[in-house]
Amino acid sequence: MFLGLDLGTSGLKALLVDGDENIIAEANAPLQVSRPHDGWSEQTASDWFTACEAAVRGLGVDLRAVQSIGLSGHMHGATLIDADGAVLRPCMLWNDTRAAVEAAEMDANPIWRKVTGNIVFPGFTAPKVEWVRRHEPDTFAKIDRVLLPKDALRFWLTGDFVSEMSDAAGTSWLDTGARDWSDELLALSGLSRTQMPRLVEGSEVSGTLSGQIAAKLGLPAGIPIAGGGGDNAASAVGMGVVKPGQAFVSLGTSGVLFAATPSYAAAPESALHSFCHALPNLWHQMGVILSATDALNWLAGVLNEDAQSLTANLGQLQVPGRTIFMPYLGGERTPHNDAQIRAGFLHLGHATDRAAMVRAVLEGVTHALRDSFDAMVQTGTKIDSLIAVGGGSKSDYWLKAIATSLNMPIKLPAAGDFGAALGAARLGRMAATGAGAEIAVPPPVSRVIEPDTQQTAAFADAHARYSETYRAIKSLR
């Protein structure tokens, strides 16, 4: 059996599969996010370790036949470790935008984009560590290692400081084309290579499970742990998005449009991410919006309902209404790189009811994904097939809106788990058996959501109004 561990923002998932990828068991352990100030988003690393133990124990099956573990996790988090292996402060997460000033200063120096192929976004690791350098100098002085979230989990599991290419590409310290740390960029951050984890490919062995943690989890000691992948790269491995032309759209806490590319193709001016894939000699482009289901969950909380009930009775896809929702609850990445912008409803009227507001939120996220799609097309990236994943993909209305806006069919996988946890398990299997990308096959398709071609033009017009609205509200802050 092979175990995939996916450290998500809202919970840690454990997925156990056999050699034919039949799901043996799965379990989840919830996690909370702390937001002590506007734009801040933090978690305590010890909560990840507690959640891992709870999730693995929650599988409820004999784990003695597990041959390997693969890891996946949310990217960009800054977990700071001292010389004794202790965590110095709460981890600043991917959607933490406090380092906007530091990121802008870094990005103004052309060397960052030249080496990494990406804008230095406020949510990336390097500017957040720079924020610590300026605002918490005593903590900065104690940093012995900087670890990404899943790599902090790996340290707990193995005692080793290791990362892999797909996650490291989101730090702003990786030479993405060379797949190695940049000594020049680390020096600009007041750091050195010795404070970074060792790098492996996602399908390689990164270390072995320690005896102490194996006893806690009920797993065999010494089993290999794969390099794994950042959450989106691991999801791509789980969905078989490992060849050029293949892509997926993820409707999770954040929204992602991810396309595999055969070579390193930097396009920082588009605010797309150009990262290493979790497999050797493969890269990807990715557009990221910071609030997808997060926006719907926010509205559900305001209305004191659950998100699923909000979308359950929307009926057939409607032409976008006059009401517009800008989904910038915590700023935005693609295409604006704007940490200060915030969300808002516009054109509310007496006739605006609950359903109209729900549709406006779904449409706002749809328009944001269209921004990423357009940016990819403009850089020459070709998307031949698109598959949907994430909690938001349970809403047919939402998927119909996205398919119509992009004018592209969206495939839905058959029942089963084909996300980051499966991708992690597959990477673990590769590390244990020597298998490669050939086992990362696309899932069976249960059905296809076709675009409503009669509404494509209306969605294009609505997207144009959405873009115009961004320009207008940006000038008001």
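The shown structure was predicted, so the numbers you read here are calculated from the model rather than taken from an experiment.

A. Summary view of the overall build of the protein. From N to C terminus, the protein includes 16 helices and 24 strands. Counting only C-alpha atoms, the protein reaches 65 × 50 × 45 Å along its principal axes. The buried share among the 477 residues of the protein stands at 61%. Summarising the internal contacts of the protein: among those between residues at least 6 apart in sequence, 72% fall at separations of at least 24. When the accessible surface of the protein is summed, it comes to about 17400 Å², and 50% of that surface belongs to carbon and sulfur atoms. If you average the places of the 37 positive and of the 49 negative side-chain charges in the protein, the two averages end up 2 Å apart.

B. Highlighting the pairing of strand β5 (residues 68-73). Of all six residues making up β5, six are buried, and the element is well covered by its neighbours. Where β5 meets strand β15 (residues 229-230), two bridges bridge the pair, whose relative direction is parallel. The residue bridging G73 from the neighbouring strand is G230, located in β15.

C. Seen up close, helix α14 (residues 396-406). Within α14, nine of the eleven residues are buried, which leaves it mostly tucked inside the rest of the structure. Residues of α14 that are buried include every one of Y397, W398, L399, A401, I402, A403, T404, S405 and L406, and no others. The first or second residue beyond α14 is N407, which carries a positive phi of 55 degrees.

D. Broad picture of the nonpolar core. Membership of the largest hydrophobic core comes to 55 residues, with the highest contact counts inside it found for V129, W173 and F248. For this core, the element with the highest residue contribution is helix α4 (residues 125-135), accounting for four residues. The contact partners of F248, leaving out residues within four places of it in the chain, are N232, S235, A236, M239, V241, V256, L257, F258, L386, I387 and V389.

E. Looking closely at the pattern of salt bridges. According to the stated counting rule, one finds 26 salt bridges in the structure shown. The closest approach of N and O atoms between K150 and E164, which form a salt bridge, is 2.9 Å. Taken together, the positions of K150 in helix α6 (residues 149-158) and E164 in strand β9 (residues 162-164) put the pair 14 residues apart, joining distant regions of the chain. One exposure class covers both K150 and E164, and it is buried. Members of the salt-bridge network, linked through shared partners, are E42, R89, D96, R98 and E136.

F. Representation of the packing of aromatic side chains. On inspection of all chains with the given rule, the structure shows eleven aromatic pairs. Look at W298 and F325: their rings are 6.0 Å apart centre to centre, the planes differ by 15 degrees, and that puts the pair in the stacked class. Of the two residues, W298 is situated in helix α11 (residues 293-303) and F325 in strand β20 (residues 324-326); the sequence distance between them amounts to 27 residues. Grouped by ring-pair contacts, the aromatic residues F121, F124 and F275 constitute a single cluster. Stacked on the ring of W131, the Lys or Arg R98 has its end atom at 4.7 Å from the ring centre. Between the NZ or CZ atom of R179 and the centre of the ring of W283, over which it lies, the distance is 4.8 Å.

G. Focus on the environment of R98. Note on placement: R98 falls in the loop between β7 (91-92) and α2 (100-107). As for R98 and W131, which are separated by 33 residues in sequence, their C-alpha atoms are 7.9 Å apart. Not counting residues within four places of it along the chain, the set of residues in contact with R98 comprises G39, W40, S41, E42, R89, M92 and W131. At 2.7 Å, the side chain of R98 forms a polar contact with the side chain of D96.

H. Quick peek at a nonpolar patch on the surface. Taken together, the side chains of W298, V302 and L303 make up a nonpolar region of the molecular surface, amounting to roughly 260 Å² of accessible area. Within the secondary structure layout, L303 lies in helix α11. Taking the relative accessible area as the measure of exposure, L303 reaches 31% and is therefore partly exposed.

About the thresholds
- Residues numbered from 1 in each chain as written.
- Predicted model: local features only at pLDDT ≥ 70, side-chain atom pairs only at ≥ 80, totals over all residues.
- Heavy atoms only, no water.
- Helix = DSSP H or I, 4+ residues; strand = E, 2+ residues; numbered from the N terminus.
- Buried < 20%, exposed > 50% of the residue type's maximum accessible area, 1.4 Å probe, protein only.
- Contact = heavy atoms within 4.5 Å.
- Areas by Shrake-Rupley, 256 points an atom, 1.4 Å probe, with all protein chains shown as cover.
- Lys, Arg positive; Asp, Glu negative; His and termini not counted.
- Charge placed at Lys NZ, Arg CZ, Asp CG, Glu CD.
- Pairing = 2+ DSSP bridges.
- Core = buried A, V, L, I, M, F, W, Y, C linked by side-chain atoms within 4.5 Å.
- Salt bridge = Lys/Arg side-chain N within 4 Å of Asp/Glu carboxyl O.
- Phe/Tyr/Trp six-rings, centres within 6.5 Å; stacked < 30°, edge-to-face > 60°.
- Lys NZ or Arg CZ within 6 Å of the ring centre and 35° of its normal.
- Polar contact = N/O pair within 3.5 Å; in protein donor to acceptor, adjacent residues only side chain to side chain.
- Patch = residues over 30% accessible without salt bridge, like charges linked within 9 Å, V, L, I, M, F, W, Y side chains within 5 Å.

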